[in-house]
Amino acid sequence: MVRIAIVNMKGGVGKTTTSVNLAIGMANEGLKVLLVDMDPQGNVAHSLKIRAHQNTIYDLLADDMVVDQVIRTGVREHLDVIPSSNVAFGLENRLAGETLREKIFSRRMKTVTGYDYVIVDTSPAMSLLTVNTLLYVDVVVLVVSMDQMAIIGAVQSLAGLKRILSAFESPAKEIMVLPTLYNAATNGSKETMTALQEDPDLAPYLMPLVIRQDVKLSYAAASKRSIWEYDPRTRAAEDYSKLVEYLLKRLNHEIEKADVAEAAEGAETKAELFG
């Protein structure tokens, strides 16, 4: 099971859009996916037409409800969801006094099995909920929209998440930067992309693809459907399909390497014990 967080400390960069369409894109490949909304705005529920008035992420983290009680099964074929709602705005204060509060999410999710991927949408802030997410996942996808201020925000976000991963010895293995809202017809997008490619902090993590600006993504979200359900012939559907393909190839490769390393380590341990 691979756990992916979609992050940025800035709003309006396509974070929830990416979370939802990546999750459904992977589910369309026949993979079993759990999509978790850690953003109190609850946009995942709105995007997928889920009633989030009860049994949400708040109940899992604050009320000790077991994870099976908050998972909405069968939201789409192969896709389950843990929704959020504005009640989750109270989680920061509710969890502040808890022991090891930064890893509450990890502890609650320990019993989750049977999924190929867990994708977590985060809030646009380095909040306690975001820290909990970073300490749970294996992969961090930093979403960057194509404007100059977004580059500054992305550098700050990258520095912040690196500090957290280092301070808490997080299991996160991969950091990737995904450009979104790209419009090749504008000088602004072209200049921002060049700046992104030349930035010494962000460039090493840059994915070899972009999510192009497409008004039909907004229409799809408004109609509470994924881009494939709304119009699979759009450039956005093409771009998110490429994202799914890229991640599956890259992460499967990493999993294979990890399996080899684990097997080698196990062999060395056995040799020490029984040699």
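Note: the structure precedes this text.
Residues numbered from 1 in each chain as written. Predicted model: local features only at pLDDT ≥ 70, side-chain atom pairs only at ≥ 80, totals over all residues. Heavy atoms only, no water.

Caption draft 1: Up close: the sheet that holds strand β1 (residues 2–7). Judged by pairing direction, the sheet is mixed, and its 7 strands sit side by side in the order β3-β4-β2-β5-β1-β6-β7 without closing on themselves. The open sheet is flanked by β3 (72–76) and β7 (174–180), the only strands paired with a single partner. Mean inter-strand twist for the sheet, computed between neighbouring axes without regard to direction, equals 25°. Sheet topology places strand β6 (residues 139–145) next to β7; 7 bridges connect them, and they run parallel. Along β7, the bridge assignment pairs Ser145 with Thr180. Sheet contacts for helix α7 (residues 148–167): β1, β6 and β7; angle to β6, the most-contacted strand, approximately 165°. (Pairing = 2+ DSSP bridges. Helix = DSSP H or I, 4+ residues; strand = E, 2+ residues; numbered from the N terminus. Axes fitted to C-alpha atoms, helices over the stretch in contact; angles between N-to-C directions. Contact = heavy atoms within 4.5 Å.)

Caption draft 2: Broad picture of helix α1 (residues 15–28). The terminal C-alpha atoms of α1, which comprises 14 residues, lie 20 Å apart, in line with the 20 Å expected from a rise of 1.5 Å per residue. Burial analysis of α1 places 12 of its 14 residues in the buried class, which makes it a mostly covered element. Positive backbone phi, approximately 90°, marks Gly30, located one or two places after α1. (Expected span 1.5 Å × (residues − 1). Buried < 20%, exposed > 50% of the residue type's maximum accessible area, 1.4 Å probe, protein only.)

Caption draft 3: Inspection of helix α9 (residues 215–222) at higher detail. Residue Asp214 occupies the N-cap position of α9, its side-chain oxygen lying 3.0 Å from the main-chain nitrogen of Lys216. Of the residues trailing α9, Lys224 is marked for its positive phi of about 60°. (Polar contact = N/O pair within 3.5 Å; in protein donor to acceptor, adjacent residues only side chain to side chain.)

Caption draft 4: Representation of the pattern of salt bridges. Throughout the structure, instances matching the rule amount to 11 salt bridges. Of the charged contacts, one joins Glu238 and Arg212 as a salt bridge, the two residues approaching to 3.4 Å between their closest N and O atoms. Note that Glu238 is positioned in helix α11 (residues 235–274) and Arg212 in the loop between α8 (187–198) and α9, a separation of 26 residues in sequence. Salt-bridge contacts for Lys242 lead to Glu238; the nearest nitrogen and oxygen are separated by 3.4 Å. Linking Lys242 with Glu238, this pair stays in helix α11, spanning 4 residues, or about one helical turn. Its relative accessible area of 42% is what places Lys242 among the partly exposed residues. On the basis of relative accessible area, Glu238 is assigned to the partly exposed category, the value being 39%. Through salt bridges with shared partners, one network takes in Arg212, Glu238, Asp239 and Lys242. (Salt bridge = Lys/Arg side-chain N within 4 Å of Asp/Glu carboxyl O.)

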